[in-house]
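# Reading the structure
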Amino acid sequence: MAKAQNSIQFSQIGKGVQTCCCASHIHTVKPHGEAIMQNVKLKKLANLVSNVYDEEEVKIGGNRDPFEIQVTIGCELQSEETSVGFAQLAYQGTDLLSLENNLCLPSPQAGSRAQHVCRQFDLYKFFMETVHKFISDTCPHFIWGLLDAGKEDLRQLKPEAWLSSGSNPGPCLLLLVCRVSGFYPKPVLVTWMRGNQEQPGTERSDVLPNADGTWYLRVTLEVTAGEAAGLSCRVQHSSLGDQDIILHWGEEEASNSIGFILLAVILVLALLAGLVFWLRKLWLADSSP
């Protein structure tokens, strides 16, 4: 779900508008898109609100002391085809009204002040239509455009990792190899660890592309035969979140050994079954008259 939101906050003394802050908050894949959403329509909205509000303050007998109004306008995508737009105004930090479907809806807790302002807003048909078009058309198309442009940034493929031993580097030495493949995007961190300590002497190959657009990496560590126990390869990647891949040296070899043992047992049983069948067939042939 993507959400774009612009907000403007200003205070007013009489007819003068003093902008306190203007901020844009766009929760999408492209932070630099914020500049696009800084729209002059917000400033026009602020001026219109201030003028209408000032007139209504006088009409309903309000005072002319400084006051503050906050305006929030934006949209939220709920699926590839539906979106929800919103335009909300607050007075002194309290909800005042919202604009939906070309209608001004006063907030229940705002009392008569919100009803007076809404009646005035309803006279500005062009303004209401402009706000409606912005939150129902301009804003969603803007976010869809960002999401389409950022598909590659959203692509996440988890890596596969496995351990093996490399060519013998010398007497009583082992070359431990941790291979990681099939991950996307490219940034990845692969380390040989003992407990929580990264092992010195780790060598990393370049991160190379696979034919399918994913990436491959090879990380090695040279140790003596007696030092291999207790070592592990740790893989950190954005697609894994906090669930790092940790492969302990010796576990794969043990599982492979068990697999070979099971395979050998199955082969022996198959040979025995075949031998029994052949002997039975031979016995039946000799017993027949």
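Since we're looking at a predicted model, the values are computed, not measured.

Rules and cut-offs
Residues numbered from 1 in each chain as written. Predicted model: local features only at pLDDT ≥ 70, side-chain atom pairs only at ≥ 80, totals over all residues. Heavy atoms only, no water. 1 Å grid on protein atoms, 1.4 Å probe; cavity = no way out; pocket = protein on both sides within 12 Å on 5 of 7 lines; lining within 4 Å. Points joined across faces, edges and corners; volume = space filled by probe spheres on them. Helix = DSSP H or I, 4+ residues; strand = E, 2+ residues; numbered from the N terminus. Nonpolar A, V, L, I, M, F, W, Y, C, P; charged D, E, K, R; others polar. Core = buried A, V, L, I, M, F, W, Y, C linked by side-chain atoms within 4.5 Å. Buried < 20%, exposed > 50% of the residue type's maximum accessible area, 1.4 Å probe, protein only. Pairing = 2+ DSSP bridges. Disulfide = S-S within 2.5 Å. Contact = heavy atoms within 4.5 Å. pLDDT = per-residue confidence, 0-100. Polar contact = N/O pair within 3.5 Å; in protein donor to acceptor, adjacent residues only side chain to side chain. Arc of directions from axis to C-beta.

### Some details on empty space enclosed by the protein
The full count for this structure, using the stated rule, is one cavity of 30 Å³ or more. One number sums up the size of the largest cavity: a volume of about 40 Å³. It is helix α4 (residues 125-149) that contributes the most residues to the lining of the largest cavity, four residues altogether. Residue classes in the lining of the largest cavity are distributed as four nonpolar, three polar and one charged.

### Details of the nonpolar core
Core analysis: the biggest nonpolar cluster contains 22 residues, and Leu163, Cys178, Val180, Val190, Trp192, Cys233 and Val235 have the highest contact counts within it. In terms of nonpolar packing, the next biggest core, distinct from the first, is built from 20 residues, Cys118, Phe121, Phe127 and Met128 among them.

### Points about the sheet that holds strand β9 (residues 189-194)
Spatially, four strands are ordered β10-β9-β14-β15 in an open sheet, and the strand pairing comes out antiparallel. The open sheet terminates on both sides in strands that have one partner only, identified here as β10 (197-198) and β15 (245-248). Across four bridges, the pairing between strand β14 (residues 231-236) and β15 is antiparallel. Among the inter-strand pairings, cysteine 233 is bridged to a residue of β15, identified as leucine 247.

### Considerations on the state of the cysteines
Taken as a whole and assessed by the stated rule, the structure comprises three disulfides. Between the sulfur atoms of cysteine 75 and its disulfide partner cysteine 139 the distance amounts to 2.0 Å. In this structure the cystine formed by cysteine 75 and cysteine 139 twists about its S-S bond by roughly -80 degrees; its chirality is therefore left-handed. Note that cysteine 75 is positioned in strand β3 (residues 67-77) and cysteine 139 in helix α4, a separation of 64 residues in sequence.

### Section: unusual backbone geometry
Note: most residues except glycine have negative phi, and most peptide bonds are trans. For the peptide bond that leads from tyrosine 184 to proline 185, omega is 5 degrees, which places it in the cis range. On the secondary structure map, proline 185 appears in the loop between β8 (173-183) and β9. In the Ramachandran plot, asparagine 101 falls in the positive-phi region, its phi being about 50 degrees despite a non-glycine side chain. Residue class for asparagine 101 comes out exposed when judged on its relative accessible area of 58%.

### Considering the environment of threonine 82
Tracing the sequence through the fold places threonine 82 in the loop between β3 and β4 (83-91). Relative accessible area serves as the criterion here: at 38%, threonine 82 is assigned to the partly exposed category. The spacing of threonine 82 and proline 140 is 58 residues in sequence and 8.7 Å in space, taken between C-alpha atoms. Residues in contact with threonine 82, not counting those within four places in the same chain, are Leu77 and Trp144.

### Observations regarding the confidence of the model for the protein chain
This prediction gives the protein chain a mean pLDDT of 76; 68% of its residues lie at or above 70. Counted against residues more than four places away or in other chains, residues 8-38, with its pLDDT under 50, gives 90 contacts.

### Quick notes on the pairing of β4
As judged from the four bridges shared by β4 and strand β5 (residues 94-100), these two strands associate in the antiparallel manner. Bridge pairing in β5 places tyrosine 91 opposite threonine 94. Between β4 and β5, which pair antiparallel and follow one another directly, the connecting turn spans two residues, one of which, glutamine 92, has a positive phi of 55 degrees.

### Some points on the side chain of serine 107
In this fold, serine 107 is placed in the loop between β6 (103-106) and α3 (111-121). On the basis of relative accessibility, which here comes to 11%, the residue serine 107 falls in the buried class. Of the polar contacts made by the side chain of serine 107, one reaches the side chain of glutamine 109; its length is 2.8 Å. With residues near it in sequence (within four places) discarded, serine 107 still touches Asp95, Leu96, Leu97 and Ala114.

### Focus: α3
Here α3 has its buried residues at Ala114, Val117, Cys118, Gln120 and Phe121. Looking straight down α3, one finds that the buried residues subtend no more than 160 degrees of arc, so they occupy a single side.

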